[in-house]
Number of protein chains: 2
Amino acid sequence: MPHSSAGPEIERLITLMARLPGLGPRSARRAALHLLRKKEQLMVPLGEALGEAARQIKPCSECGNIDVNDPCAICAAPGRDQQRICVVEQVGDLWALERAGAYRGRYHVLGGVLSALDGVRPEDLHIGKLVERAADDGICEVILALNANVYGQTTSHYIHDVLKDCAVQITSIARGVPVGGELDYLDDGTLTAALKARKLL
Amino acid sequence: MPHSSAGPEIERLITLMARLPGLGPRSARRAALHLLRKKEQLMVPLGEALGEAARQIKPCSECGNIDVNDPCAICAAPGRDQQRICVVEQVGDLWALERAGAYRGRYHVLGGVLSALDGVRPEDLHIGKLVERAADDGICEVILALNANVYGQTTSHYIHDVLKDCAVQITSIARGVPVGGELDYLDDGTLTAALKARKLL
C-alpha cells in the first residue's frame, strides 16, 4: 500500500527515511511532510549535507574511526597520548568517550563484536590491524572498552588471547554502579560486579 | 558541545537530522552513523531523494495538496466525485483518508487550524480559496474532517460560519467509539459523543 498520494518521488523518500533507525513508516511519513513544509530551511540543506558527508567522510586506515582526513584527527593529533589504545566496538562509542573527555589517548574501532548468532568471525573485525598496532614498541597499554554484555565479553576475551604475546598491558574499563545509580533499581549482575570490584576507601 | 569527533560535515548532518520530528540529538547521532555505514545503499540515495523531492513537489493551487503537478493528481482525476470537498488540516490527514480508501471526492487542505495561542488567524489558513471553491455551482457538500480537539472544533465552527451563505451542505465526520475500541479504555468525551450520536439499529 502506498504511504502517500503524492507520487513516486515522495514514496521513495518515505521508503528511504523509514530505513533510518528510530523511524518507522508512520514517523517517516511525518518527517517527510515536515521536510516538505521546511523545504528551504531543512530539506535542501539536509540533502546537501548527506551528499557532502557521503563524499568526504572515510574510515581512518589506522584506527577505523571516520573523518574527512586519513589518518583521522585523533590519530594525527600530536598532543594525544601515543602509548595507549582504547578498543571500542563502534564509532558511536568513540564519540561517547570523547564527549566524556576522560581519555586522551588513541582509539581502535573494531567495527562490531564477535557473534556466532550473527555470523561475525574474528576476520570480520579489525583485529589484525589492532595486533599490528599493539606490537609497536611505543604502545604500553590496550584498554578494552566494549559493551558490558555477552558479546562484548566474548570479544574482550578473544582480544586478550591474541594480544598475550605483545608486550602491552591489557586492561578493561570498570564495571560497577553507574553515577547517580540507586542500588534498588540495579540488576543483580551489576550489583555482583560492583561488590566484587570494591575498593578500599 | 559537539555531537561527534568527526568534523563539521558530520556535526552539520547531525544538527539537521535532529530537527526532524521523532529524532532527538541522540537518535540523530545513531541515524548519522547508520547512514555512514550504509553510504551507497542509503545515504547517497536519500540525499538525492531529498533534493529531487524538494525540486519537484509543489503545492496544488486548487486544494493545497502537494504533488509534482499543479493541479494535483486528485484535483485532476476525472473519475473522482467533483461535487464534494473534504476539508482537512494537513496533507498527512489527506494521505490518511486516501489510505482508508473510503472517500472518492476532492479535498481542501487548510494548512493548519485556528489557534489564538500560536497566533494562527483565519487569513493564515487557505480559507479564502475554500469559500471561492464552495461558491461554485457544481459543489453540493463540504465535509469537515478536522481533528477532534478544541482547535479542530473552533476551526470547524469558523468555516461553518463563513460558508453559511453558500448553497452547500456542510457536514462533519462522525465522533464515536473507534473500531476495536473498548468502552472501559475510552475517555469520557468520546463516550458522551458516542452516546449522543447513537443510531437506531
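Residues numbered from 1 in each chain as written. Chains lettered and ligands numbered in written order. Predicted model: local features only at pLDDT ≥ 70, side-chain atom pairs only at ≥ 80, totals over all residues. Heavy atoms only, no water.

A look at a nonpolar patch on the surface
Residue and element names in this part refer to chain A.
Thought 1: Residues Leu117, Val150 and Tyr151 make up a contiguous nonpolar surface patch of about 330 Å² in total accessible area.
Thought 2: Positionally, Val150 belongs in helix H7 (residues 150-162).
Thought 3: The class for Val150 is exposed, based on a relative accessible area of 55%. (Patch = residues over 30% accessible without salt bridge, like charges linked within 9 Å, V, L, I, M, F, W, Y side chains within 5 Å. Areas by Shrake-Rupley, 256 points an atom, 1.4 Å probe, with all protein chains shown as cover. Salt bridge = Lys/Arg side-chain N within 4 Å of Asp/Glu carboxyl O. Helix = DSSP H or I, 4+ residues; strand = E, 2+ residues; numbered from the N terminus. Buried < 20%, exposed > 50% of the residue type's maximum accessible area, 1.4 Å probe, protein only.)

Here's the deal with the sheet that holds strand S4 (residues 106-109) of chain B
Residues and elements named next belong to chain B.
Thought 1: Taken together, the four strands give an open sheet; going across it, the order is S4-S3-S5-S6, and neighbouring strands pair in parallel fashion. On the outer flanks of this sheet lie S4 and strand S6 (169-172), each paired with one strand and no other. Each strand axis lies, on average, 25 degrees off the axis of its neighbour in the sheet, ignoring direction.
Thought 2: Pairing between strand S3 (residues 84-88) and S4: four bridges, direction parallel. Note that in S4 the partner of Ile85 across the bridge is Arg106.
Thought 3: Sitting on the sheet, helix H6 (residues 127-134) is in contact with S3, S4 and strand S5 (141-144), with an inclination near 150 degrees to S4. (Pairing = 2+ DSSP bridges. Axes fitted to C-alpha atoms, helices over the stretch in contact; angles between N-to-C directions. Contact = heavy atoms within 4.5 Å.)

Some remarks on the domain arrangement of chain A
Thought 1: Assigned domains within chain A: domain 1 (8-56) and domain 2 (77-200).
Thought 2: Each of domain 1 of chain A and domain 2 of chain A has a C-alpha centre, and these two points are 35 Å apart. (Domains from an automatic or database assignment.)

What to know about the environment of Leu42 of chain A
Thought 1: Of note, Leu42 of chain A is situated in helix H3 (residues 39-56).
Thought 2: Relative accessible area serves as the criterion here: at 0%, Leu42 of chain A is assigned to the buried category.
Thought 3: Along the backbone, Leu42 of chain A and Cys166 of chain A are 124 residues apart, and their C-alpha atoms lie at a distance of 51 Å.
Thought 4: Look past the residues within four positions of Leu42 of chain A in its chain and what remains in contact with it is His34 and Leu35 of chain A together with Leu16, Arg19 and Leu20 of chain B.

A few points about the interface of chain B and chain A
A common measure of how large an interface is: the accessible area buried when the components associate.
Thought 1: Listed by partner, the interface residues are 52 residues for chain B and 52 residues for chain A.
Thought 2: The junction of chain B with chain A conceals about 4900 Å² of combined surface from both sides, 71% of it contributed by carbon and sulfur atoms.
Thought 3: Per-residue buried area on chain B facing chain A is highest for Leu50, Trp95 and Arg99 of chain B; these three make up 15% of the total on that side.
Thought 4: Summed over the shared surface of chain B and chain A, the result is zero salt bridges.
Thought 5: Here chain B and chain A share six residue pairs in polar contact (both at pLDDT 80 or more) between them.
Thought 6: Put simply, the parts of the chain that give the side of chain B that touches chain A at least two residues each are helix H1 (8-17), helix H2 (25-37), helix H3 (39-56), strand S2 (66-67) and helix H5 (91-100) of chain B.
Thought 7: Counting residues per element, the side of chain B that touches chain A draws most heavily on H3 of chain B, which supplies 14 residues. (Buried area = accessible area lost by both parts, 1.4 Å probe. Polar contact = N/O pair within 3.5 Å; in protein donor to acceptor, adjacent residues only side chain to side chain.)

Structural notes on the relation of the copies chain B and chain A
Thought 1: For these two chains of identical sequence, chain B goes onto chain A by a turn of 180 degrees and a shift of 0.0 Å along the axis, with RMSD 0.1 Å. What we have between these two chains is a two-fold relation. By C-alpha distance to the rotation axis, the residue of chain B lying nearest is Gly47 of chain B, at 2.1 Å. (Least-squares fit on C-alpha atoms with pLDDT ≥ 70 in both.)

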